[in-house]
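Examination of the molecular architecture
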Amino acid sequence: MRISYNWLKEYVDFSLSPPELAKCLTMAGLEVSNILYLGSEVENVVVGEILSLKPLPQADKLSLCQVSDGKQIFSIVCGARNIKVKDLVPLARVGAKLPGGKRISKAKIKGQTSYGMLCSEKELGVGEDTSGIRILPPGSKLGEDIKKALALEEVVLEAELTTNRSDCASIFGIAREVSAILGGKLKPPRIELKENGISVFDLAKVEILHSQACKRYTARIIRELKVGPSPSWLVRKLETVGLRPINNVVDVTNYVLIELGHPLHAFDYDKLCEHKILVRFATPGEKLLTLDNEQRKLTEKNLLIADAKRPVALAGIIGGTETSVDQSTRNVLLESAYFAPQVVRGTVRQLGIDTESSYRFERGVDVENVLIASNRACQLIQELAGGKVASGVIDVYPQPFSPVEIEFSPEETNHILGSNISPKEMSEILTRLRFNISQKEGEKHLWVRVPSYRNDISCPIDLVEEIARLYGYDKIPSGMPKIEISDSVDDKVLMLEDFVREILTRLGLCEVVSRSLVSPEYYNELDIVIPTGLKGTVEITNPLSREQSLLRTSLLPCLLSVLKWNLNHGVPDMKIFEIGRVFFPGKGIPEEKRILAGVLVGTQEERYWEDSSKAIDFYYVKGIVDSLLGELGIYSQRRGESGIEKSSHFLLEEGISNKIMVDNEHLGDFGELANKVSRKMEFRNKVYIFELDFDKMCRLIEIKKKYKRMSRFPWVSRDIALVAPQGLTFGEICVKIKRVGGELVQDVKLFDVYFGKQIEPGKKGLACKIIYQSMEKTLRDEQVNSLHMRIVEALERDLKVKVRKQDSLVK
């Protein structure tokens, strides 16, 4: 935003130089990024009068002008088409200097010598118009320095306003800030409006059809005015802040916009059908030709100002050409309103249009400033264009503004800021900011009523920020914040996550992190059927895209996608894991669970040129899971109560997968990836996966190590060969052996699995070693053989396995 230094001084008393003012505003949170000294580069340019104008014979588009500066006549070759005899124009004489360091010298053009140049707005540095020569207002003094004639010598501060400070998007808004910072007297513009003639209610009607989109709409009528050029002071002020003058009526609305920060719009009253204003949303297919000569195709999300038959403006953004003010306009309906920021913002983004009005409405204007801005504009239009202001004002205001009141603690403010500001000084700061302060007897807290223009203040911490920036950030002493460390449940879970990461990393796995938001195709890729209506998943109400429309219910599909990408890019061996959250439909909000999952493929060890490592298999993955749980103190402490059962996990191959049970509770699953999924994802080698409920693991973990005394006595082993049903797991066999053998059975190790011609269909051959050892004495063969036979009998009786007795050996 551009702030005119001299214009600002009309509303607030201060003595700071432009650089000092810039620093002051920046330290208070309103960053000034640049200071422009307009007119300082212009030299030897004066007011000239065109005495004659004739075409240059050698060029159709050039003219030879005779221009006087009051003392001397100059021949000037000019290509502009907007000049005529007796026009007053900026005359840059030979030796003149223009912005950018350009010097004017005598030049020969098409055989004719030109002794200078006539200047456009762009060439003078007062605007962007290059279409023609700048025509000066009548009455400009001939020969006068152009800097004086146009008041070119001006200082402009360019401020970078944050989106929450819409109250500062005006000269008066900045003046209000300067007054609060420096304590200078604030001088609001004096508004004296003379109403006369017929009542406005007899001339027009206003109806708001959507009060949530338009909280307030006012209309005034000015009759019998005369549209013409604006006076030089108004033109110059608009040009200083980067606006192009159009005519006195439109320029007044722009002036009030910059002065008070409230956008206005003037309609040609006689062009409004039935003299009626409707604030409504567009119907699909409606069109509006806007003032920038663009035909806008509208949707039901675009808020409009319409008359009885058609749309006449995009609410809060831009007007339409059909009801615009031009030289023939005699009666004007002046709009001043409040439009909801989100509605204006939506239309701006959709149509790709951005204006000074939309800039302010998008950020939120002061609803209580609506009538003040209207009255100010009517006053200026009456002064500059004449006319009669109809008595009264149409003010449709369904829900009047109710100020926000905040309970504020000076003590808490000092605690947050680390400062020692007295309550009295805090009250003075808030009062300078025009907050209303009250305090109940016997209470330390203050009650602060927020002014209507500060829509960024809604809670106590906002007031703390106001205290800090007005007191001065540089005055607040530096110091380390006081931090209280609590032993919370979340802290323990995070520590356990780190511990699990350390274990798995030691076991050769790498961690990956995937997104929680997934696509419905996320399941289709794995050939997983989703219930109709996606009932098994959590849908995002307003997703950014279809690819991020669901919350994941498992970590494994994402891990498999990572695996596939790496395999396709030449990485043959992958051992990856992830600890993350999954989501399921719940009552009100989704239910969340922490899950640990892993995916493995390739070889067990890194490959070297001189040997080939063994491929990852079911037992390797089982070893990873056993090692993890063993380090966490889960399996080792609960082995007697724990076991492995057949898994029914939706991604595991039946018969080559197991369910992990601890204390009769399902902890997780592991095994080979289902064949149909492997085929769908085009995996050439077998893929193994595991998935564990991390929240349950956290409840079972025993980080504290328990030590067990080793036996001083030798161990004895027996090999046993079994023929078992394919559905019977080795884990079930182990549980049965240990229950029968008791404390004397130290371990059971599987060393062979066989499927072949000697084994009947539906069966499998297993060979394992049972280790016997006592903590109290050396076991004798007779004792071991007796116990071993009881184990064999129990296996045959309870598990229906066949034990090949001739293969049992004494070790």
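Located above this text is the structure these notes cover.
Parameters at a glance
Residues numbered from 1 in each chain as written. Predicted model: local features only at pLDDT ≥ 70, side-chain atom pairs only at ≥ 80, totals over all residues. Heavy atoms only, no water. Helix = DSSP H or I, 4+ residues; strand = E, 2+ residues; numbered from the N terminus. Rg over C-alpha atoms; globule rule 2.2 N^0.38 Å. Contact = heavy atoms within 4.5 Å. Areas by Shrake-Rupley, 256 points an atom, 1.4 Å probe, with all protein chains shown as cover. Lys, Arg positive; Asp, Glu negative; His and termini not counted. Charge placed at Lys NZ, Arg CZ, Asp CG, Glu CD. Core = buried A, V, L, I, M, F, W, Y, C linked by side-chain atoms within 4.5 Å. Buried < 20%, exposed > 50% of the residue type's maximum accessible area, 1.4 Å probe, protein only. Phe/Tyr/Trp six-rings, centres within 6.5 Å; stacked < 30°, edge-to-face > 60°. Pairing = 2+ DSSP bridges. Salt bridge = Lys/Arg side-chain N within 4 Å of Asp/Glu carboxyl O. Polar contact = N/O pair within 3.5 Å; in protein donor to acceptor, adjacent residues only side chain to side chain. Expected span 1.5 Å × (residues − 1). Axes fitted to C-alpha atoms, helices over the stretch in contact; angles between N-to-C directions. Parallel < 35°, antiparallel > 145°, perpendicular 65-115°, else oblique. Left-handed = near helix turned anticlockwise from the far one by under 90°. Nonpolar A, V, L, I, M, F, W, Y, C, P; charged D, E, K, R; others polar. Patch = residues over 30% accessible without salt bridge, like charges linked within 9 Å, V, L, I, M, F, W, Y side chains within 5 Å.

**Points about the overall build of the protein chain**
A count of helices and strands for the protein chain gives 22 helices and 41 strands. For the protein chain, whose C-alpha radius of gyration is 42 Å, the value lies well above the compact-globule estimate of 28 Å for 811 residues. Summarising its shape, the C-alpha atoms of the protein chain cover approximately 135 × 80 × 55 Å along the three principal directions. Across the protein chain, contacts joining residues at least 24 apart in sequence account for 70% of those joining residues at least 6 apart. For the protein chain, the exposed surface amounts to about 41,600 Å²; the carbon and sulfur share of it is 50%. Here the protein chain holds 113 positive side-chain charges and 111 negative ones, and the gap between their average locations is 2 Å.

**Considerations on the nonpolar core**
Of all hydrophobic cores here, the largest spans 74 residues; its most connected members are Leu8, Leu25, Leu157, Val249, Val256 and Phe408. The contacts of Val256, once residues within four sequence positions are left out, are Gly261, His262, Leu264, Ala373, Arg376, Ala377 and Leu380. Ranked by size, the runner-up nonpolar core spans 44 residues in total, among them Ala219, Ala282, Val312 and Tyr338.

**Things to note about the packing of aromatic side chains**
Across all of its chains, the model carries seven aromatic pairs by this definition. Taken together, a centroid distance of 5.0 Å and an interplanar angle of 20° make the contact between Trp7 and Tyr255 stacked. Of the two residues, Trp7 sits in helix α1 (residues 5-9) while Tyr255 sits in helix α7 (residues 248-260), which places them 248 residues apart along the sequence. In this structure Tyr255 comes out as buried when scored by relative accessible area, which is 3%. One aromatic cluster is present, formed by Trp7, Trp233 and Tyr255 through successive ring pairs.

**Focus: the pairing of strand β36 (residues 665-673)**
Burial analysis of β36 places seven of its nine residues in the buried class, the great majority of the element. In terms of strand pairing, strand β35 (residues 652-662) meets β36 through seven bridges, oriented antiparallel. From the neighbouring strand, Lys659 faces β36, where its bridge partner is Asp669. Where β35 folds back onto β36 in an antiparallel hairpin, the turn is made up of two residues, including Asp663, whose phi is positive at roughly 55°. Both β36 and strand β37 (residues 688-693) contribute to a ladder of five bridges, which runs antiparallel. Within β37, the residue paired with Asp669 across the bridge is Glu691.

**Side note on the pattern of salt bridges**
Between side chains of opposite charge, a pair can form when the charged atoms approach closely. Inspection of every chain in the model, using the stated rule, returns 47 salt bridges. Between Arg220 and Glu195 there is a salt bridge, with its nearest N and O atoms 2.9 Å apart. Highlighted residues: Arg220 in strand β14 (residues 214-225) and Glu195 in strand β12 (residues 195-199), separated in sequence by 25 residues. Taking relative accessible area as the criterion, Arg220 reaches 4% and is therefore assigned buried. Linking Arg310 and Glu322 is a salt bridge whose minimum nitrogen-to-oxygen distance equals 3.2 Å. In this pair, Arg310 is assigned in the loop between β19 (303-306) and β20 (311-314) and Glu322 in the loop between β21 (318-319) and β22 (332-339), connecting sequence segments twelve residues apart. Several salt bridges share partner residues, and in doing so they unite Arg165, Asp167, Glu177, Arg454, Asp456, Glu466 and Arg469 into one network.

**Describing the side chain of Ser657**
Inspection of the secondary structure puts Ser657 in strand β35. Residue class for Ser657 comes out buried when judged on its relative accessible area of 5%. Of note is the side chain of Ser657, whose polar atom sits 2.9 Å from the backbone oxygen of Glu653. Look past the residues within four positions of Ser657 in its chain and what remains in contact with it is Phe618, Lys646, Ser647, Leu652, Phe670 and Gly671.

**Description of helix α16 (residues 556-568)**
The terminal C-alpha atoms of α16 lie 18 Å apart, and with 13 residues this matches the ideal 18 Å at 1.5 Å per residue to within 8%. Buried residues of α16: Leu556, Pro557, Cys558, Leu559, Leu560, Leu563 and Asn566, and no others. The positive-phi residue at the C-terminal boundary of α16 is Gly570, with phi of around 85°.

**Re unusual backbone geometry**
A positive phi angle, near 60°, is found at Glu274, a position not held by glycine. In this fold, Glu274 is placed in the loop between β15 (264-268) and β16 (276-281). In this structure Glu274 comes out as exposed when scored by relative accessible area, which is 63%. If you check the backbone angles, His275 has positive phi at about 50° while not being a glycine. Position of His275 among the secondary structure elements: in the loop between β15 and β16.

**Quick look at the packing of helix α6 (residues 232-240) against α7**
In the contact formed by α6 and α7, the axes pass within 10 Å of each other and the chain directions differ by 50°. By the angle class used here, α6 and α7 are oblique. Considering the relative orientation of α6 and α7, their crossing is left-handed. Residues Trp233, Leu234, Lys237 and Leu238 of α6 form the contact with α7, whose own contacting residues are Asp251, Val252, Asn254 and Tyr255. Split by residue class, the contact of α6 with α7 holds five nonpolar, one polar and two charged.

**Some points on a nonpolar patch on the surface**
A cluster of nonpolar side chains, Tyr619, Val753 and Phe755, forms an exposed patch at the surface whose accessible area comes to about 290 Å². Position of Phe755 relative to the elements: it lies in the loop between β39 (745-754) and β40 (763-772).

**Description of the side chain of Asn369**
Tracing the sequence through the fold places Asn369 in the loop between α9 (356-363) and α10 (370-385). On the basis of relative accessibility, which here comes to 11%, the residue Asn369 falls in the buried class. With sequence-adjacent residues up to four places away left out, Asn369 is seen in contact with Leu260 and His262.

**Some words on the sheet that holds strand β31 (residues 550-551)**
The antiparallel open sheet is built from three strands, whose spatial order is β29-β31-β30. Both outer strands of the open sheet, β29 (517-518) and β30 (538-539), are each paired with one neighbouring strand and no more.

**Considerations on the packing of α7 against α10**
Contact geometry for α7 and α10: axes closest at 9 Å, N-to-C directions at 140°. Classified by the angle between their axes, α7 and α10 sit oblique to one another. Relative to α10, the crossing made by α7 is right-handed. Contacts between α7 and α10 involve Asn248, Val249, Val252, Tyr255, Val256, Glu259 and Leu260 from the former and Ile372, Ala373, Arg376, Ala377, Leu380, Ile381, Leu384 and Ala385 from the latter. Residue composition of the contact of α7 with α10, grouped by class: twelve nonpolar, one polar and two charged.

**Brief notes about the environment of Asp669**
Structurally, the position occupied by Asp669 is in strand β36. A residue is classified by how much of its surface remains accessible, and Asp669, at 7% relative accessible area, is buried. Sequence spacing of Asp669 and Leu651 is 18 residues, and the spatial spacing of their C-alpha atoms is 10.0 Å. The contact partners of Asp669, leaving out residues within four places of it in the chain, are Ser647, His649, Leu652, Asn658, Lys659, Ile660, Ile689, Phe690 and Glu691. Polar contacts involving the side chain of Asp669 include one to the side chain of His666, which spans 3.0 Å.

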